[in-house]
Amino acid sequence: MQKWLVVTGVVVALAAIAIPRARSETAADNVTSLSLELGKADFRKYCAACHGVSGNGDGTIAEFLTISAPDLTTLAARNAGTFPHQRLSEVIDGRAEVKVHGPRDMPVWGEWFDYEAMSPDTDRDAREIIVRLRIEALISYVESIQQK
């Protein structure tokens, strides 16, 4: 029961942000817009320092990396035109080792999102839902910035 209250609270809070500008959009468009806004916010907060605000690999600390941060706007192009959704999910949540990241120099965002979702009222199942939704939103945002 608690997990649904937490998830519902997150959805309601996100809806409050988007409703004023989305009155003419359908419910599906609202969900997509909310997901992209959350993904964009998380991208700017957690990814842009290395990958750049635009995702081109030119972040403010990119010059200090031992291996260049990849241009995330070309993931689909480098994957025969198909966006690598599953692979990106595995990299973000920590299931996949990334050779150039060495010993996980790129933080495992799934663990960090789980940490952020912790509270006395949030059980493990609710945190898993929150983490999955945030990772999916981040992936949706990265997919939205792919070069055409």
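Residues numbered from 1 in each chain as written. Predicted model: local features only at pLDDT ≥ 70, side-chain atom pairs only at ≥ 80, totals over all residues. Heavy atoms only, no water.

Moving on to the nonpolar core. If you look at the biggest cluster of nonpolar residues, it comprises 19 residues, and the most contacted ones within it are Phe 43, Phe 83, Leu 88, Ile 92 and Val 142. Among the secondary structure elements, those contributing two or more residues to this core are helix H2 (27-51), helix H3 (85-93), helix H4 (109-117) and helix H5 (124-144). At 6 residues, the largest contribution of residues to this core is made by H5. Ignoring any residue separated from it by four or fewer positions in sequence, one finds Val 142 in contact with Phe 43, Leu 72, Leu 75, Phe 83 and Leu 88. (Core = buried A, V, L, I, M, F, W, Y, C linked by side-chain atoms within 4.5 Å. Buried < 20%, exposed > 50% of the residue type's maximum accessible area, 1.4 Å probe, protein only. Helix = DSSP H or I, 4+ residues; strand = E, 2+ residues; numbered from the N terminus. Contact = heavy atoms within 4.5 Å.)

Moving on: the state of the cysteines. Within the structure shown, the criterion is met by 0 disulfides. Cys 50 provides the cysteine sulfur closest to Cys 47, a residue in no disulfide bond, and the two sulfurs are 8.6 Å apart. (Disulfide = S-S within 2.5 Å.)

Turning next to the environment of Glu 143. Within the secondary structure, Glu 143 is located in helix H5. Along the sequence, Glu 143 and Phe 83 sit 60 residues apart, while their C-alpha atoms lie 6.8 Å from each other.

Should the charged atoms of two oppositely charged side chains come close, the side chains can pair. Counted under the stated rule, the structure contains 5 salt bridges. Here Glu 136 ties to Arg 132 by a salt bridge, and the two come within 3.5 Å at their closest N and O atoms. Here the residue Glu 136 and the residue Arg 132 both occupy positions in helix H5, the gap between them amounting to 4 residues, near one helical turn. The class for Glu 136 is partly exposed, based on a relative accessible area of 25%. Since its relative accessible area comes to 32%, Arg 132 is described here as partly exposed. (Salt bridge = Lys/Arg side-chain N within 4 Å of Asp/Glu carboxyl O.)

A word on H4. By the burial criterion, the buried members of H4 are Trp 109, Gly 110, Phe 113, Asp 114 and Ala 117. Each buried residue of H4 sits inside an arc of 140° when the element is viewed along its axis, so together they form one side. Facing away from the buried surface of H4 by more than 90 degrees, the exposed residues are Glu 111 and Tyr 115. (Arc of directions from axis to C-beta.)

Moving on: the environment of Tyr 46. With respect to the helices and strands, the residue Tyr 46 is situated in helix H2. In sequence terms Tyr 46 and Trp 109 are 63 residues apart; their C-alpha atoms lie 8.3 Å from each other. Excluding its chain neighbours within four sequence positions, the residues that come into contact with Tyr 46 are Trp 109, Trp 112, Phe 113, Glu 116 and Arg 134. A polar atom in the side chain of Tyr 46 sits 3.5 Å from the side chain of Lys 45. For Tyr 46, the side chain forms a polar contact with the side chain of Glu 116, separated by 2.4 Å. (Polar contact = N/O pair within 3.5 Å; in protein donor to acceptor, adjacent residues only side chain to side chain.)

Turning next to the side chain of Thr 73. Structurally, Thr 73 is set in the loop between H2 and H3. Among the polar contacts made by the side chain of Thr 73, one reaches the side chain of Asn 56 at a distance of 3.4 Å. Within the structure, the side chain of Thr 73 is placed 2.5 Å from the side chain of Asp 71, a separation counted as a polar contact. With near-sequence residues (within four places) excluded, Thr 73 lies in contact with Ser 54, Gly 55, Asn 56, Ile 145, Gln 146 and Gln 147.

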